[in-house]
Amino acid sequence: MAMAVPASTLLLPLLLATLVGTPFVAAESDGQALVLRSGSPLQRIAAALRGAVTEEPRRLQGGCRATAMRLMPPPALKGYQQCFQDKLSENSTHDWSVPGAELDAQVDCWCQHNLTHTIQEYQCCDHADLYPMCTVNCEPDCNSDLAKTCISECPSMCFESSEYIVSEGLCKSCDWLKCWPALKCLTKYAQLRIENGTINKTCHEKRFTNGAQLGKYWQCWKDAPKHSSHWAVLSSVVHCVCREGMIEHTREQSCCDSVLYGGGVCDLQCMSEAACSTQEAQTCIHTCQSRCTSYEIAPSEDCMSYCLEKNAPCRKFAACSPPMLAGLVCDDGRWPEASSGCCSMNQTNGRPGQLLGCPRLCDTQHIWRLDGGRSIPWWSRWQPGPGIVVQCTCEGCPTSSSEAVLKLDSTVSDGIWENGQMMLVDIARRQGLLYGPNRRMQELMVMRNDKILEVLKGKEQPDQANSFLIAQINDEYTELISEAAKSFGDDGYMLTHNDAELEAAAKKETKNSIVYFITTAGGCTIAIVAAIACATRVIMRRRKATPIIQFGNNNEVVIGNPVGEGATTVSGTPVTEEPVTVSAPTKGSRDTPKDLS
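Residues numbered from 1 in each chain as written. Predicted model: local features only at pLDDT ≥ 70, side-chain atom pairs only at ≥ 80, totals over all residues. Heavy atoms only, no water.

Points about the pattern of salt bridges
Working definition: two side chains of opposite charge can pair if their charged atoms are close together.
Step number 1: This structure, assessed with the given rule, holds 11 salt bridges.
Step number 2: Look at the salt bridges and you will find they share partners, linking Arg439, Arg440 and Glu443 into a network. (Salt bridge = Lys/Arg side-chain N within 4 Å of Asp/Glu carboxyl O.)

Shown next as structure tokens:
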């Protein structure tokens, strides 16, 4: 079946990376595989190939034993590994600028150590990591019909299709499985074409990566300011490419046409210091800094059209040195790093080492990683040493020490209680408390708040470093409060109970509460009724009986003093003897009785 297979697919069957454990120089690599790491096999099993060999090779039982071969490689496999490492050494005569040079090197080592016989012994020829390497012919007839057909149908650049841009139909008719036995003829033909000049050399990856220019570029890029904007990220790459001579280095190693190693580097336009200091250049640089801010992950359309696109009016000035724009101060009063825009801070948990990040008083904080990802060319944003390359994008930060002090004081004083309550709820939720923060947790939070406020008291000008002390206090009490949540659980119940026990306990408590309420309400009602009855009885006992005297049979009613015996009466009218007086004070009167006659 005819098919076009990229070089990356061709390299997969090779056993160097999979069975021995040593990464090969893969064209699709982002650069990490180019720093070869030698695998260290655990043991040798020299006896694997010892003993008499009959006409039919002795077969191991149980199918392919690739894992055993990786852990305990036979001498032939170890020899293959060493052969390939020698071809990668500085003194090697192997030409890595020929298309398919890597595959050619591995086939040479395969044949030199007769690995086909070894792989057959392990019954691994059909293993996915090795097939179809056992079919390779170490001494092919390059004048055979098969060789001629494969040379015609499989052009040399098909070996580099994962690294170079080739025509879509260039490798369409190539059947790699059919042509694998004649693979050495294809690589030999590619070398002849290089010598007669009919094709260009491909990138000499080994010389490129070993060049001093690349190491200098990496150091330049790591130190360059690149945190303040997308413009600064681009400018840090282009400026260091120009400053460290990477354009000339890429051309010398025939890597300009390589997507992964060239990536358009050879077409860059470098600028002189005089050109970068002009008013036009400075206007572009500072305008693009403001238009291409790194607060957003992706640059805006306005930023792309004016600054970053290939034909943008300001794109050529990306070769100038990117400016360092801080606009903030760190918690200790110093300015942040020029390269990353980050502040270096001691850890508040007592552990050694420092952290990189935005000041704690910033409103928003973003920390991005710039290295380690895939980029074109791969080395443009690569960090060869330990650690990572970060950038800190910080907004709403204090711009001076005095501003930082004021913001610290107001932030803590105004928000400490709300912060504490939200933290208590969060810890209680994380620890699975049913009823929220328990009493001990709340007591510890009060202690935390008191200690934090104490830090800000007693000083007319609080120290800006107090933010570090506050963070330490908060870390200390966060741990104590979390421990109190675990130890005390919900008040009255420990967290050691399972969910069923907690639910039963909750129902029991609810039932007891209802019984208690009914009992209390009934008792109070009885007490009230009894009190009313007692009060009524006392009142009734104190009231005295008044005798009722029947009037005589006459029509005379006496008002005032009794009528004397000699008084004259008129039928139907009251008899008046003496004035009627009020002997008791009436409403509004305070003096002696008044005469009402």
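Picking up after the structure, the text goes on.
Some words on the nonpolar core
Step number 1: Counting 40 residues, the largest nonpolar core has Trp110, Ile119, Cys124, Trp176, Leu183 and Leu186 as its most contacted members.
Step number 2: Breaking this core down by element, the ones donating at least two residues are helix H3 (66-71), helix H4 (75-88), helix H5 (101-112), helix H6 (115-121), helix H8 (176-179) and helix H9 (183-196).
Step number 3: Of the residues forming this core, the biggest block, 7 residues, is contributed by H5.
Step number 4: Formed by 24 residues, the second largest nonpolar core is a distinct cluster that contains Phe208, Tyr261, Trp379 and Val389. (Core = buried A, V, L, I, M, F, W, Y, C linked by side-chain atoms within 4.5 Å. Buried < 20%, exposed > 50% of the residue type's maximum accessible area, 1.4 Å probe, protein only. Helix = DSSP H or I, 4+ residues; strand = E, 2+ residues; numbered from the N terminus.)

Let's talk about H5
Step number 1: A rise of 1.5 Å per residue sets the reference length of H5, with its 12 residues, at 16 Å; its end C-alpha atoms lie 16 Å apart and thus fit the reference within 8%.
Step number 2: The buried count for H5 comes to 10 of 12 residues, which makes it a mostly enclosed element.
Step number 3: Buried within H5 are the following residues: Ala101, Glu102, Leu103, Asp104, Ala105, Gln106, Val107, Cys109, Trp110 and Cys111.
Step number 4: Immediately downstream of H5, the backbone of Asn114 shows phi near 50 degrees, a positive value. (Expected span 1.5 Å × (residues − 1).)

As for the packing of H5 against H9
A pair of packed helices can be characterised by two numbers: the angle between their axes and the separation between those axes.
Step number 1: The N-to-C vectors of H5 and H9 enclose an angle of 135 degrees; their axes lie 10 Å apart at closest approach. Relative to H9, the element H5 is oriented oblique. Like other packed secondary-structure pairs, H5 and H9 cross with a definite hand, here left-handed. On H9, the residues that touch Leu103, Asp104, Val107 and Asp108 of H5 are Leu183, Lys184 and Thr187.
Step number 2: Residues belonging to the contact of H5 with H9 are distributed by class as follows: 3 nonpolar, 1 polar and 3 charged. (Axes fitted to C-alpha atoms, helices over the stretch in contact; angles between N-to-C directions. Parallel < 35°, antiparallel > 145°, perpendicular 65-115°, else oblique. Left-handed = near helix turned anticlockwise from the far one by under 90°. Contact = heavy atoms within 4.5 Å. Nonpolar A, V, L, I, M, F, W, Y, C, P; charged D, E, K, R; others polar.)

Brief notes about helix H18 (residues 439-456)
Step number 1: The end-to-end C-alpha distance of H18, which contains 18 residues, comes to 27 Å, matching closely the 26 Å that a straight helix rising 1.5 Å per residue would cover.
Step number 2: Each element contacted by the buried residues of H18 is listed here: helix H17 (401-430) and helix H19 (466-488).
Step number 3: Two or three places before Arg440, at the opening of H18, Asn438 has a side-chain oxygen 3.2 Å from that residue's backbone nitrogen. (Polar contact = N/O pair within 3.5 Å; in protein donor to acceptor, adjacent residues only side chain to side chain.)

Coordinates in, geometry out; function isn't part of it.
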